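These are the residues of each chain, in order.
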Amino acid sequence: MVTLHEVLNQAETEGVAIGHFNVSDWITLKAVFESASDENVPVIVGASEGERQFLGVRQIAAVVKSLREECGFPIFLNADHTHSLASAMEAAKAGFDWIVFDVSTLPLEENIRQTRTAVEALKAIRPEILVEGEIGDIGSGSEIHDAARDLRKGLTAPAEARQFVEETRIDTLAPAVGNMHGMLKSMVAGDTKKRLDIERIRTIKEQTRVFMTLHGASGTDDGDLRRAIAAGITVVHINTEVRIAWRRGLDRALSAQPNEIVPYKILPKAIDSVKELVAARLALFSSGRRHVRLASEQSSERSVAEQPR
Ligand code: G3H
Ligand code: ZN
């Protein structure tokens, strides 16, 4: 089975991004898994501290492991926005593939110190685990917000990103590049979009050379997402859009069948609603795919060319 590191390397080579979708329940997990299987692309599911408290840390890890091993499908699990070392270590021991260690509200030096400690502690538990660090301000809460925050002061400075990556030895970086957690009401209505600082993404990538994750991607302009991936983003996190699709699907199912009480007759509509969203996002993230010739293709072309004429 392909490893998560190999999946990221391949995505970077091909100029695509891997979709990361947060899950809070079996419905969203089932939808993400089925959608990625239909599209035949690797996928990451994330559970933040609140989401995994609801799901059970070891329980969500066991289910994702079962999907990966029994179905032979590259689905991976991320402990999203983990704010304490104890919580990060609990997730690593439970079998999570990736930890987003997020102490980004601290001053840079303290963020570096705590993130570096976390990298060492987590790799001691499972050397293959990926650890992500975060600098800058991308707000919090995958919810529908009333008012826009001014995130301009919290944008990630490329020189600080470089120092952060060098001193913490993280595997992946979450920068602030115009992204923001959650959506404004106008974004839910489709009247406004988040816009990204593509040049900043490109410069941070050049300065750090690590994989970069775009958090807070719900409600982002599609063209900006394509350009961000071309400039160096390898993973894109979506949560609020998943939650909206889940809620709309569930509302539709309940009002279409007001007297139905059988969960497995009601919930497929919620699953279909989330699947539709996930499929559209996965298609967008892969839309800039470059065809990369495999070594086997090159050697078979060589052997044809070398045949006597
Ligand atoms: O870590 C989760 C994501 O960054 C989700 O952000 O709710 O804006 O999609 P979002
Ligand atoms: Zn996030």
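**Points about the site of ligand 1**
So, point 1. Taken together, 16 residues sit near ligand 1, with Asp80, Ser142, Gly216, Ser218 and Thr240 positioned nearest.
So, point 2. Ser142 places a polar side-chain atom, nitrogen or oxygen, 2.6 Å from an oxygen atom of ligand 1.
So, point 3. Here Asn239 contributes a backbone N or O atom positioned 2.8 Å from an oxygen atom of ligand 1.
So, point 4. Across the complex, the protein chains shield 99% of the 310 Å² of accessible surface that ligand 1 would expose by itself.
So, point 5. Sorting the residues of the shell around ligand 1 by element identifies β3 (75-82) and β10 (233-238) as the ones contributing at least two each.
So, point 6. Among the residues making up the shell around ligand 1, the classes are represented as three nonpolar, eleven polar and two charged.

**Side note on the coordination of the zinc ion (ligand 2)**
So, point 1. Binding of the zinc ion (ligand 2) to the protein goes through His81 (NE2), His181 (NE2) and His215 (ND1), at separations of 2.0 to 2.1 Å.
So, point 2. In the primary structure, the donors to the zinc ion (ligand 2) are separated according to the pattern H-x99-H-x33-H. With a gap of 134 residues between them, His81 in strand β3 and His215 in the loop between β9 (211-214) and α10 (222-231) connect regions that are remote in the sequence.
So, point 3. A relative accessible area of 1% places His215 in the buried class.

**Things to note about the nonpolar core**
So, point 1. Membership of the largest hydrophobic core comes to 68 residues, with the highest contact counts inside it found for Phe21, Ile75, Phe96, Ile99, Leu173, Val236 and Phe285.
So, point 2. Ranked by residue count, the leading element in this core is helix α13 (residues 268-285), at eight residues.
So, point 3. Ignoring sequence-local partners within four residues, the contact set of Ile75 consists of Leu29, Phe33, Val43, Val45, Val64, Leu67 and Arg68.
So, point 4. Judged by nonpolar contacts, the second largest core, of 13 residues, contains Ala11, Val16, Ile44 and Trp98.

How each quantity is defined
Residues numbered from 1 in each chain as written. Chains lettered and ligands numbered in written order. Predicted model: local features only at pLDDT ≥ 70, side-chain atom pairs only at ≥ 80, totals over all residues. Heavy atoms only, no water. Near = heavy atom within 4 Å. Polar contact = N/O pair within 3.5 Å; in protein donor to acceptor, adjacent residues only side chain to side chain. Areas by Shrake-Rupley, 256 points an atom, 1.4 Å probe, with all protein chains shown as cover. Helix = DSSP H or I, 4+ residues; strand = E, 2+ residues; numbered from the N terminus. Nonpolar A, V, L, I, M, F, W, Y, C, P; charged D, E, K, R; others polar. Donors = N, O, S within 2.8 Å, 3.2 Å for Na, K, Ca; no water. Buried < 20%, exposed > 50% of the residue type's maximum accessible area, 1.4 Å probe, protein only. Core = buried A, V, L, I, M, F, W, Y, C linked by side-chain atoms within 4.5 Å. Contact = heavy atoms within 4.5 Å.

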